[in-house]
Amino acid sequence: MDTKVTKKKLGLKEKYRFLTRDLGWEPSYHTKDEIFPYVNYEGIKVHDWDKWEDPFRLTMDAYWKYQAEKERKFYAIIDAHAQNNGHLNITDARYLSALKIFLQAISPGEYAAHKGFARAGREFPGVGTMVACQMQSIDEIRHAQTQIHAMSNYNKYYNGFHAFADQRDRIWYTSVARSFFDDSMSAGPFEFMIAIGFSFEYVLTNLLFVPFMSGAAYNGDMATVTFGFSAQSDEARHMTLGLECIKFMLEQDPANLPIVQGWIDKWFWRGFRVLGLVSTMMDYMLPKRVMSWREAWNIYGVENGSALFRDLARYGIRAPKGWDDAEKAIDHMSHQFMLGLYQWSFGTSFHSWIPCDEDMDWLSKKYPDTFDKYYRPRWDHIKKLAAAGTPFKNYGLAKLCQTCQLPVVFTEPDDPTMSCHREAEYKGEKYHFCSDGCQDIFANEPEKYIQAWLPMPQLFQEPNNGDLAAWMDWVSLKDGLDNGDYDGSQDQQNFQQWRGMATSNQ
């Protein structure tokens, strides 16, 4: 009689190997070059794909259980938020402008990252890299979905949330985020990993999800806090993945160093320009503020970034080329961007306003060397114009940067009284830039950036042909409801009326 043999239970390392590395196979009727055609053309040399180390040894079955538990908690909280009229618990309806920008610019970016990682996972031959990209692709689509679901409750009551997908592709201030992701998705797989793993996750995420979500909590928006912190545990994994990819490339071959350094230079500056939106949200659009943009930069930019580049220095990596110019811009960028949003408020799907005296006093304390000297006088002048019945509105089209696609509203790094404007000629055409960083990026890949679609000239093209009302229909913008001044807006009136009904016995 045969003795029954009990199968030995797999250990964690064996289970991990079977569920990741053993999912690959050697091709038999096509060469690897035919199957993975994009992995070589960027110039990155990889000698051993097995050297790829997963930052988190997470198997797919454990991943699904972990994410499912987060989903249950998330939807329980946002359901409670909706059932208890959570939209009335925010401090002030001005706060909604920050959420509208987030929904129009950041959430579609999460979806773009999902598509990019799905593609990159197919383009890498290494099994470990494939699995890592698959997990992050699923993470990113989940982030887009949870953000849209959380903010959909506000769409029931307030203007400006209804057409974020159209506006992501067509409105001028969201073009900076759209062009960032279009640029990354049209790059090769290794550059894409730097663009998202380093720039989006390490530069942008730290400065958006942590301080801004704290601001959301401080302003009573628990739905946003919930999706922010539900995503943040994933973001920690994503940042580590981006860092691992950089180290992997640098350890594979010394020839990879200048290529990786060039990408870090490029994508730091591209990410920094997207942070113009974030800085304005933090300094101007939170009625109750946890910290200023400058304080957030010091913690999550300077401290974290310096630690990162010290870690990478042993590979020969230096700080990004635009690091010093970025530091000089920190005390100016939110004020310059908000002044731009105010003057072009007819073309925004959110409300803008002149900061009150209390807000300007706060900005003065947070920016003692710049705000009173350069920006309070401008706001005081704009306030006088509004009081006289002649509000400052600019219906002219701004000159857009060919690279980041922002209006040329920023100043010279060493002279905040002088607008920064650069020009370059390529194939007989002139192109404009907002900074040396953006001009350098263009000069390195001009054929890529001359194809960029710029949103403002669309006003004079089909189907709008110079008709402002037609343009507003094209971008799904309801004039007088979605845009313009916050004071006197329907959002302000409704919020005050509903809040009053909820807190009184009348």
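So, how was this worked out
Residues numbered from 1 in each chain as written. Predicted model: local features only at pLDDT ≥ 70, side-chain atom pairs only at ≥ 80, totals over all residues. Heavy atoms only, no water. Helix = DSSP H or I, 4+ residues; strand = E, 2+ residues; numbered from the N terminus. Rg over C-alpha atoms; globule rule 2.2 N^0.38 Å. Buried < 20%, exposed > 50% of the residue type's maximum accessible area, 1.4 Å probe, protein only. Contact = heavy atoms within 4.5 Å. Lys, Arg positive; Asp, Glu negative; His and termini not counted. Charge placed at Lys NZ, Arg CZ, Asp CG, Glu CD. Axes fitted to C-alpha atoms, helices over the stretch in contact; angles between N-to-C directions. Parallel < 35°, antiparallel > 145°, perpendicular 65-115°, else oblique. Left-handed = near helix turned anticlockwise from the far one by under 90°. Nonpolar A, V, L, I, M, F, W, Y, C, P; charged D, E, K, R; others polar. Polar contact = N/O pair within 3.5 Å; in protein donor to acceptor, adjacent residues only side chain to side chain. Disulfide = S-S within 2.5 Å. Core = buried A, V, L, I, M, F, W, Y, C linked by side-chain atoms within 4.5 Å. pLDDT = per-residue confidence, 0-100. Pairing = 2+ DSSP bridges. Expected span 1.5 Å × (residues − 1). Bend = angle between axes of the 7 residues up to and from the residue.

## Overview of the overall build of the chain
- Across its full length, the chain holds 19 helices and four strands.
- Here the C-alpha radius of gyration of the chain, 24 Å, is about what a compact globule of 506 residues would show, namely 23 Å.
- Expressed along its principal axes, the backbone C-alpha trace of the chain runs to roughly 100 × 65 × 45 Å.
- Expressed as a percentage of the 506 residues in the chain, the buried residues total 56%.
- Sequence separation of 24 or more characterises 78% of the internal contacts of the chain that already satisfy a separation of 6 or more.
- If you average the places of the 54 positive and of the 66 negative side-chain charges in the chain, the two averages end up 5 Å apart.

## Details of helix 11 (residues 293-312)
- Listed as buried for helix 11 are Trp293, Arg294, Ala296, Trp297, Tyr300, Gly301, Gly305, Leu308, Phe309 and Leu312.
- Lining the buried residues of helix 11 we find helix 8 (189-218), helix 9 (222-252), helix 10 (256-284), helix 12 (323-329) and helix 13 (333-343).

## Some thoughts on the packing of helix 8 against helix 10
- It is the contact of helix 8 with helix 10, at a shortest axis distance of 9 Å, that shows an interaxial angle of 25°. Between helix 8 and helix 10, the crossing angle belongs to the class labelled roughly parallel. Crossing of helix 8 over helix 10 shows right-handed handedness. Of helix 10, the residues touching helix 8 (which contributes Phe190, Glu191, Ile194, Ala195, Phe198, Ser199, Val203, Leu204, Leu207, Leu208, Pro211 and Phe212) are Val260, Trp263, Ile264, Lys266, Trp267, Phe268, Gly271, Val274, Leu275, Val278, Met281 and Met282.
- Looking at side-chain class alone, the contact of helix 8 with helix 10 contains 20 nonpolar, two polar and two charged residues.

## Regarding the environment of Ser199
- With respect to the element layout, Ser199 can be found in helix 8.
- If we ignore the near neighbours within four places in the chain, the residues touching Ser199 are Phe180, Ile194, Leu204, Trp267, Phe268 and Gly271.
- One polar contact links the side chain of Ser199 to the main-chain carbonyl oxygen of Trp267, over a distance of 2.6 Å.

## Things to note about the state of the cysteines
- Within this structure, the stated rule accounts for zero disulfides.
- With no disulfide partner, Cys404 has as its closest neighbouring cysteine sulfur the one in Cys434, 3.6 Å distant.
- Overall, Cys404 belongs to the buried group, its relative accessible area being 1%.

## So, the side chain of Asn256
- Mapped onto the elements of the fold, Asn256 is located in helix 10.
- What Asn256 contacts, discounting residues up to four positions off in sequence, is Gly43, Ile44, Lys45 and Met249.

## Observations regarding the environment of Tyr342
- Mapped onto the elements, Tyr342 comes out in helix 13.
- Here Tyr342 falls in the buried class, since its relative accessible area comes to 0%.
- Each C-alpha atom, one on Tyr342 and one on Asp485, is 8.1 Å from the other, the two residues being 143 residues apart in sequence.

## Re the nonpolar core
- Membership of the largest hydrophobic core comes to 142 residues, with the highest contact counts inside it found for Phe102, Phe198, Leu275, Met285 and Trp293.
- Broken down by element, the residue count for this core peaks at 18 residues, all from helix 8.
- Filtering out sequence-adjacent residues up to four positions away, Met285 remains in contact with Arg94, Tyr95, Ser97, Ala98, Ile101, Thr280, Met338, Leu341, Phe350 and Trp353.
- Core analysis: the next-biggest nonpolar cluster, separate from the first, contains seven residues, Tyr63, Val127, Val131 and Ile138 among them.

## A few points about the confidence of the model for the chain
- The predicted model of the chain has a mean per-residue pLDDT of 89, with 97% of residues at 70 or higher.
- Within the chain, the lowest mean pLDDT, 72, falls on helix 1 (residues 12-19), and the highest, 97, falls on helix 16 (residues 436-444).

## Things to note about the pairing of strand 4 (residues 429-433)
- Pairing of strand 3 (residues 422-426) with strand 4, which is carried by five bridges, proceeds in the antiparallel orientation. Within strand 4, the residue paired with Glu423 across the bridge is His432.
- Hairpin remark: strand 3 followed by strand 4, antiparallel, with two residues in the connecting loop; positive phi at Lys427, about 50°.

## With respect to the packing of helix 5 (residues 127-155) against helix 9
- Viewed as axis vectors pointing N to C, helix 5 and helix 9 meet at an angle of 165°, and their least axial separation amounts to 10 Å. By the criterion of interaxial angle, the relationship of helix 5 to helix 9 is roughly antiparallel. Crossing angle aside, the handedness with which helix 5 passes helix 9 is left-handed. Within the contact between the two elements, helix 5 uses Ala132, Met135, Gln136, Asp139, Glu140, Arg142, His143, Thr146, Gln147, Ala150 and Met151 and helix 9 uses Ala223, Phe227, Ser230, Ala231, Asp234, Glu235, Arg237, His238 and Leu241.

## Points about helix 9
- Taking 1.5 Å of rise per residue, 31 residues should cover 45 Å, and helix 9 covers 45 Å from first to last C-alpha, within 8% of that figure.
- At Ser233, helix 9 shows its largest kink, close to 35°.
- When you tally the buried positions in helix 9, you get 25 out of 31 residues, the bulk of the element.

## Quick word on unusual backbone geometry
- Residue Glu462 is joined to Pro463 through a cis peptide bond whose omega torsion reads 5°.
- On the secondary structure map, Pro463 appears in the loop between helix 17 (446-449) and helix 18 (468-474).
- Even without a glycine there, the phi angle at Asn85 is positive, about 50°.
- The phi dihedral of Ser476 falls on the positive side, at around 60°, and the residue is not glycine.
- Along the chain, the position of Ser476 falls in the loop between helix 18 and helix 19 (490-502).

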